[in-house]
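# Structural overview
So you can see what is in the structure, the chains are spelled out below.
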Amino acid sequence: MTQHLIARSGYWSTLGHRLNAQHDVHDSSAFVCKAIRLICDNNWRRRNSPLAVVGALSNPRSFASAEAGLSESCAELASRLGLVDAALVRDRCYVGGAWVEAARDGPAARFPVHDPATRDALLTVPDFDAPDALAAIDAAKRSQKAWAQKTAAARATLLRRWHDLILEHREDLAKIMVAEQGKPRKEAEAEVTYAASFVEWFSEEARRTYGEVIPSHDGDSRMFALRQPVGVVAAICPWNFPCAMVTRKAAAAMAAGCCVVVKPSEETPLSALALAALAERAGVPGGVLNVITGADADAVVGALADSKDVRALSFTGSTDVGKSLGARCAKTVKKTSLELGGNAPFVVLADADLDAAIEGALRSKFRNGGQTCVCAQRFIVHASLADRFAEGLADRAERLKIGIGSDPATEVGPMINQDAVEKVERHVTDALAKGARRVTGGKRAYPDGTPTNGTGTFYAPTVLANCDASMAVHREETFGPVAAVFSFETEREAIAMANDSDSGLAGYVYTRDGEAMWRVAEALECGIVGANTGAVSVAAAPFGGVKESGIGREGGRQGIDEYLEVKYLRMNNTAPKKA
Ligand code: SIN
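Let me begin by describing the structure that accompanies this report. (Residues numbered from 1 in each chain as written. Predicted model: local features only at pLDDT ≥ 70, side-chain atom pairs only at ≥ 80, totals over all residues. Heavy atoms only, no water.)

### Side note on the overall build of the protein chain
Under the convention used in this document: Going along the chain from the N terminus, every DSSP run of H or I of four or more residues is numbered as a helix, and every run of E of two or more is numbered as a strand. Only protein chains enter the accessibility calculation, which uses a 1.4 Å probe; a residue whose area is less than 20% of its type maximum is buried, one above 50% is exposed, and one in between is partly exposed. Two residues qualify as a contact provided that any one of their heavy atoms is within 4.5 Å of a heavy atom in the partner residue. Surface exposure here means Shrake-Rupley accessible area, sampled with a 1.4 Å probe, where a residue is shielded only by the protein chains that are shown.
Along the protein chain, the regular secondary structure elements total 21 helices and 22 strands. Looking at the protein chain as a whole, 56% of its 579 residues qualify as buried. Residue pairs at least 24 apart in sequence account for 71% of intrachain contacts in the protein chain once pairs closer than 6 positions are excluded. Summing over all exposed atoms, the protein chain offers an accessible surface of approximately 23,400 Å²; the carbon and sulfur share of this is 53%.

Below, the structure written as structure tokens:
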């Protein structure tokens, strides 16, 4: 019938030839068939004006997204970002293998995602509420049994395909991330590689969820400890690593045999939706990975935390939210992994290689503009080196290029929002009022010196010397590009200062003395220690904190355990009796 229509219609065949030329499609009638299918799709037509329909069909990039059932706004954003694969821009949630809107209608059912550099709206996405979240949990629950029953090898193969697609679309994913999160393009590309590395790692770990054979206490029994998927998992992800925190949680859970409902931050949902599009393409069955967006985090996350059907919840974010989520999850006694704030000490002993310590400090402090849980916060430097360290770090920090993330030269992008900048300003003002010395920075900055009418969220890399324990920079995580330098006389004093915190995520030590390195590393009350390095994050290592920095580990051999539970099986009358 469609072929017949095409054959009879001069308009369609002209359009077919035009599209053929523009899209480099050899079979124009097949192409027009696709176009007609698209126009006949009520869902897509309802969301796009007649003009946009024609526009989408005459632009290859827009056509790719239109073909994937995407809106005109998705196509526009994809074209603005210069994506090769326009279908990675999604403005609907992915639930049960379908791309869906919030159940309620109207503009209030969507919320905007902004570019943090300009505050321009990029796209709107569904504003899920609690009932929508419950529907996503149901979708995950419906798929749970079949996914858990797949062989580890089958799950591994699907994860591996997802990994390959993520790397294949590294540049597009990085562009989406830069647009919504603001980090420099190079860092965004590195994050996509980092994100893919978790999928690869857990595709391999899927095959290694070994149990145990327990030596029996009597002659008749045989006893085993089996490891089984915990069930539906909720993964609540932060805005600072919009791809890597999704895969660090979701790939581990999926490898273990769990279906997942991912709730990305309302600041950065587009990266998570793009990852879902790639998982769909990789052949991950519907319902195994669900991604839901919502501006009212309390409502959506609350529904996930309260649900009896969600058997594990993994959260990365602020300590305050983590504490209240932990309490909420306790009501249904679900497994809870919390990766919360840090306040990382960076100890530089008197014998340290100063240049190496400065390089490590620069890398640790200014990665993602200081918006990282493992960023060094308190530089605790031997008194003999403290001034030289502060001057050297300031010199390097001043040379960092501040700008919009899409500029290839940019090394420090905007902060995520005004609240974040204001917190930085509060910490700097407090420190200066209490006697700290400003070595560099200490003020807002603009890309290339262009004022942004007060909407910009750029803050200059800052170094403060002479800091002490009375200051907010000692007690609280700044989560911004501010290096606070403290000084000490003895190793014991340095350790006491480092541990004088309720947090305990990452810690760092620089020294040339092997024994001192072990002493300090073992004494630091942290879940992660970098010795003579400012970079600690890697898929193969367990990431997580002690004290109020969290519970559980992500990545490493340990990461999959968060999504498995142990079942003890005792069998009698099945084997020869032992004496
Ligand atoms: C985080 O800041 O939560 C994650 C940082 C990392 O994985 O390096």
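### Some points on the environment of Val301
Among the secondary structure elements, Val301 is positioned in helix H14 (residues 297-306). Sequence-wise, Val301 and Leu313 are 12 residues apart; in three dimensions their C-alpha atoms are separated by 9.8 Å. Ignoring any residue separated from it by four or fewer positions in sequence, one finds Val301 in contact with Ile236, Lys263 and Leu325.

### Regarding the packing of helix H11 (residues 185-205) against helix H12 (residues 244-256)
This is how it is decided: Axis geometry follows a simple rule: fit a line to the C-alpha atoms, using only the stretch in contact for helices, then measure angles between N-to-C directions, giving values from 0 to 180 degrees. For classification purposes, angles smaller than 35 degrees are called roughly parallel, those larger than 145 roughly antiparallel, those between 65 and 115 roughly perpendicular, and all remaining angles oblique. All amino acids are sorted into three groups, where Ala, Val, Leu, Ile, Met, Phe, Trp, Tyr, Cys and Pro are nonpolar, Asp, Glu, Lys and Arg are charged, and the leftover types, Gly among them, are polar.
It is the contact of H11 with H12, at a shortest axis distance of 8 Å, that shows an interaxial angle of 10 degrees. In terms of orientation, H11 lies roughly parallel with respect to H12. Seen from H11, the contacting residues are Glu191, Tyr194, Ala195, Phe198, Val199 and Phe202; seen from H12, they are Ala244, Met245, Thr247, Arg248, Ala251, Ala252 and Ala255. The residue inventory of the contact of H11 with H12, partitioned by class, reads 10 nonpolar, one polar and two charged.

### Regarding the packing of helix H9 (residues 152-168) against H11
What counts is decided by this rule: Crossing handedness follows the turn of the near helix against the far one: under a right angle anticlockwise gives a left-handed crossing, and clockwise gives a right-handed one.
In the contact formed by H9 and H11, the axes pass within 8 Å of each other and the chain directions differ by 165 degrees. Here H11 runs roughly antiparallel to H9, going by the angle between their axes. Of the two elements, H9 crosses H11, and the hand of that crossing is left-handed. When H9 is examined against H11, the residues Ala156, Leu159, Arg160, Trp162, His163, Ile166 and Leu167 are found in contact with a partner set consisting of Val192, Thr193, Ala196, Val199, Glu200, Phe202, Ser203 and Glu204. Its residues placed into classes, the contact of H9 with H11 shows nine nonpolar, three polar and three charged.

### Side note on the site of the ligand
As a reminder of what qualifies: Put simply, a residue is near a molecule or strand once any heavy atom of it comes within 4 Å of that molecule or strand. As used in this structure description, the phrase polar contact means that two N or O atoms lie within 3.5 Å; if the pair is within protein, one of them must be able to donate a hydrogen and the other to accept it, and residues adjacent in sequence are counted only when both atoms belong to side chains. The start and end points of each domain follow an automatic or database-based domain assignment.
Around the ligand sit 13 residues in total, of which Tyr194, Glu339, Arg367, Cys373 and Ser537 are the nearest. In this structure, Tyr194 approaches the ligand through a side-chain N or O atom, which is 2.7 Å from an oxygen atom. One of the side-chain nitrogen or oxygen atoms of Arg367 is found 3.0 Å away from an oxygen atom of the ligand. In the complex, 100% of the free accessible area of the ligand, which totals 260 Å², lies under the protein chains. A class-by-class count of the residues in the shell around the ligand yields six nonpolar, four polar and three charged. For the shell around the ligand, the domains that each give at least three residues are domain 2 (143-340 + 545-574) and domain 3 (344-538).

### A few points about helix H18 (residues 418-433)
Quick reminder: α-helices carry 3.6 residues per turn. Residues three or four places apart thus point the same way. Our working rule: One fewer than the residue count of a helix, multiplied by 1.5 Å, yields its expected span.
Taking 1.5 Å of rise per residue, the 16 residues of H18 would be expected to cover 22 Å, and the 22 Å separating its terminal C-alpha atoms lies within 8% of that figure. Along H18, the residues classified as buried are Ala420, Val421, Val424, His427, Val428, Asp430 and Ala431. On its buried face, H18 sits against strand E15 (462-465), helix H19 (472-475) and strand E16 (482-488). Capping the start of H18 is the job of one residue whose side-chain oxygen sits 3.3 Å from the backbone nitrogen of Asp419: Asn417. Following H18 by one or two positions, Gly435 has its phi on the positive side, about 110 degrees.

### Considerations on unusual backbone geometry
Unlike most non-glycine residues, Arg119 shows phi in positive territory, near 65 degrees. For Arg119, the position within the fold is in the loop between strand E3 (110-114) and strand E4 (121-126). Positive phi, normally seen in glycine, also occurs at Asn573, with a value near 55 degrees. Residue placement: Asn573 occurs in the segment after strand E22 (564-571). With a relative accessible area of 68%, Asn573 lands in the exposed category.

### A word on the pairing of strand E19 (residues 528-531)
Let me state the cut-off plainly: Strands pair, by our definition, only if DSSP identifies at least two bridges between them. Whether a crossover is right-handed comes down to one check: with the strands pointing away from the viewer, does the path from the first strand over the helix to the second run clockwise; if it does, it is right-handed.
Going residue by residue along E19, you find Ile528 and Gly530 tucked away on one face and Val529 and Ala531 left uncovered on the opposite face. The sheet contact formed by strand E18 (residues 506-510) and E19 spans four bridges and is parallel. Of the residues in E19, the one forming a bridge with Tyr508 is Gly530. Following the backbone out of E18, through helix H21 (residues 514-523) and into the adjacent parallel E19, one traces a crossover that is right-handed.

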